[in-house]
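Chain by chain, the residues run as shown.
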Amino acid sequence: MTLNAYWLHTLMEAAAYSVGFQLYLRERRRLPYPGQTDRVQALLLVAGTVLGAAVGSKIAYWLYDPAYAFADFPSFRRLLEGKSIIGALLGGWAGVELAKRLAGIRGSTGDAFVLPLTVGMIIGRIGCFLGGLADHTYGNPTTLPWGVDFGDGIARHPTQLYEIVFVALWGGLLTRYGGRLPRPGDRFKLFLVGYLLYRLAVESIRPIPLYYFGVLSGLQLLCVLGVAYHVRDLPRIAWTPAWRQK
């Protein structure tokens, strides 16, 4: 990665976190949010989200390419290099659920994350696109007319741009119409399931360093597990009269 690309990527990543956090604070005030009136409970929820996302992001990276991540073990240098938004989403969700149990909070807190995640992920993927080959988020070589040469003379699927389009449409749809969903938390569940299904599909046109069971990459395996856990709620959301009649 060139110096200019590195700093552009770093700037966009910082902007994603900053803008996402400000939007989260706004959404938390706007939407019903259990625990928001208690400072200790609110701090526990934030801590659970951040720690869960950080741990999940690393675990997903290790599953994706364990040969590279553990190549210098017991040195931790490579273990700390990569991260994955799939792991961050699943880890953040698990972390906040654990924090809610510890704080005795009932009810869903997820809907306040949909808009911040949508905007933050779009900004972050712009940074990934600008990062080029060194960012390792591009797709496989392609002959399609919109293939992008990231600097080595090979046209590749611009999977970063694919994700920007998907997240903008899916997150925008749920932000606009999510209030019609039958229960608090359904908006986040749909956002998460939709994104995991998207990544399950798009990973097939990205480099896969290791296949589990001869079929799935580590990231695809996490997508399947995440969807399998939440799929039980989909029939209820789809067939609730209050949702379908509005």
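Just so it is clear, the model here is predicted, and its values are computed rather than measured.

The rules behind the values
Residues numbered from 1 in each chain as written. Predicted model: local features only at pLDDT ≥ 70, side-chain atom pairs only at ≥ 80, totals over all residues. Heavy atoms only, no water. UniProt positions renumbered as here; feature names shortened; annotations may be inferred. Helix = DSSP H or I, 4+ residues; strand = E, 2+ residues; numbered from the N terminus. Axes fitted to C-alpha atoms, helices over the stretch in contact; angles between N-to-C directions. Parallel < 35°, antiparallel > 145°, perpendicular 65-115°, else oblique. Left-handed = near helix turned anticlockwise from the far one by under 90°. Contact = heavy atoms within 4.5 Å. Nonpolar A, V, L, I, M, F, W, Y, C, P; charged D, E, K, R; others polar. Phe/Tyr/Trp six-rings, centres within 6.5 Å; stacked < 30°, edge-to-face > 60°. Buried < 20%, exposed > 50% of the residue type's maximum accessible area, 1.4 Å probe, protein only. Lys NZ or Arg CZ within 6 Å of the ring centre and 35° of its normal.

Considerations on the UniProt feature "transmembrane region" (unreviewed entry) in the protein
- In the numbering used here, UniProt assigns the "transmembrane region" (unreviewed entry) feature to residues 6-24, 44-64, 112-134 and 211-231.
- Along residues 6-24 one finds 100% helix and 0% strand; the C-alpha atoms at either end are 27 Å apart.
- Secondary structure content for residues 112-134 is 78% helix and 0% strand, while the C-alpha to C-alpha distance between its ends is 33 Å.

Things to note about the packing of helix H4 (residues 85-103) against helix H7 (residues 186-202)
- Where H4 meets H7, the closest approach of the two axes is 11 Å, and the angle between their N-to-C directions is 150°. By the angle between their directions, the pair H4 and H7 is classed as roughly antiparallel. Crossing geometry of H4 relative to H7 is assigned as left-handed. Contact residues: H4 offers Ile85, Ile86, Leu89, Leu90 and Trp93, while H7 offers Phe188, Leu192, Tyr195, Leu196 and Arg199.
- Within the contact of H4 with H7, the residues separate by chemical class into nine nonpolar, no polar and one charged.

Thoughts on the packing of aromatic side chains
- Per the counting criterion, the structure on display carries ten aromatic pairs.
- Taking the centre distance of 6.2 Å and the plane angle of 40° together, the rings of Tyr195 and Tyr198 count as tilted. Within this pair, Tyr195 and its partner Tyr198 are both found in helix H7, separated by three residues, close to a single helical turn. Each member of the pair, Tyr195 together with Tyr198, is buried.
- Feature note: the residues Trp62, Phe70, Phe73 and Phe76 constitute an aromatic cluster, connected by ring pairs.
- The cationic tip of Arg176 hangs over the ring face of Tyr177; the distance from NZ or CZ to the ring centre is 4.9 Å.

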